[in-house]
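Fold and contact review
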Amino acid sequence: MPSSYLSDPLDDLLQRASMSPARVDKELDRLARDWQPTILKPGHEYLRQIRERTGINVVGIQRRYRRLLVEIMQFKDEQWVWRYHERSRSDCVFACAGEIPHTIGDALPGRPLRALTVPTSAIGAVIIDNLSRNPDGGLSLAVTPEWRTF
């Protein structure tokens, strides 16, 4: 059977929530068998369990091409603080509110995200590929996490 993959940030969250990637994968299989979209959405018991045990607000886990992909939106006082979204192995984005000087922003590509902020230890280890500034003043960073088999 071909290997399945997950990113270090998702692996870290699942470990902290005492869940296995295989358990999440089986739940996605069950959804597929029932002809439902293969994504765990807000309100799913697994996402509630992750939030209760880690304090991180996972808004979706889906499977695409044998990869478990996560989307996280973290809020504080009903305002979004940061967002991490894996769309594919090579398309992952971290976005946050705030501004940084161009001199600092230009030095970030190739460095771990923890050089700017540390949302969680595993997300802080992802590598920044490039940075762009949003019209609303926020930052959007293309990042690359490490991937592992399960």
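Sequence positions are assigned chain by chain, starting from 1 and proceeding in written order. At least 70 in pLDDT is required for a residue's local features to be given in this predicted model, at least 80 for side-chain atom pairs to be given and counted, and no such filter applies to totals for whole chains, interfaces and linings, which use all residues. With hydrogens and water excluded, all non-hydrogen atoms of the structure serve as input to the side-chain values.

**Brief notes about the pairing of strand E4 (residues 67-76)**
- Counting buried positions along E4 yields 7 of 10 residues, so the element is predominantly enclosed.
- When strand E1 (residues 5-7) meets E4, the two strands line up parallel, connected through 2 bridges. Paired with tyrosine 5 across the bridge in E4 is arginine 67.
- Hairpin connection of strand E3 (residues 58-64) to E4: 2 residues between the antiparallel strands, including tyrosine 65 at a positive phi of 50 degrees.
- In this antiparallel pair of consecutive strands, E4 and strand E5 (residues 79-88), the connection spans 2 residues, and aspartate 77 shows a positive phi of 55 degrees. Relative accessibility thresholds used throughout: buried, under 20% of the residue-type maximum; exposed, over 50%; partly exposed, between the two (1.4 Å probe, protein chains only). A run of DSSP states H or I qualifies as a helix once it reaches four residues; a run of E qualifies as a strand once it reaches two. Both are numbered from the N-terminal end. For two strands to pair, DSSP has to find at least two bridges joining them.

**Thoughts on the side chain of glutamine 49**
- Tracing the backbone shows glutamine 49 in helix H3 (residues 45-54).
- Contact between two residues is taken to exist if any of their heavy atoms lie within 4.5 Å; hydrogens are not considered. Apart from the residues lying within four places of it in its own chain, the contact partners of glutamine 49 are Ala17, Met19 and Arg23.

**Regarding the pattern of salt bridges**
- Any Lys or Arg side-chain nitrogen found within 4 Å of a carboxyl oxygen on Asp or Glu counts as a salt bridge. In the structure shown here, the tally under the stated rule is 9 salt bridges.
- Taking the shortest distance from any N to any O, the salt bridge between arginine 148 and aspartate 8 comes out at 2.5 Å. One end of the pair, arginine 148, is in strand E9 (residues 147-149); the other, aspartate 8, is in helix H1 (residues 8-16), and 140 residues separate them in sequence.
- On the accessibility criterion, arginine 148 (38% relative accessible area) is partly exposed.
- The shortest N-O distance in the salt bridge between aspartate 34 and arginine 30 comes to 3.0 Å.
- Overlapping salt bridges bring together Asp8, Asp11 and Arg148 as one network.

**Let's talk about the packing of aromatic side chains**
- Two aromatic rings, drawn from Phe, Tyr or Trp (for Trp, its six-membered ring), form a pair once their centres lie within 6.5 Å of each other, and the interplanar angle then sorts them: stacked below 30 degrees, edge-to-face above 60, tilted otherwise. The final tally for this structure, using the stated rule, is 1 aromatic pair.
- When the ring of tryptophan 82 is compared with that of phenylalanine 94, the centres are 5.7 Å apart and the planes differ by 25 degrees; the resulting orientation is stacked. Of this pair, tryptophan 82 sits in strand E5 while phenylalanine 94 sits in strand E6 (residues 91-96), and the two are 12 residues apart along the sequence.
- Any Lys NZ or Arg CZ found within 6 Å of a ring centre and within 35 degrees of that ring's normal is scored as a charge over the ring. Of note, arginine 67 hangs over the ring of tyrosine 5, and the distance from its end group to the ring centre comes to 4.4 Å.

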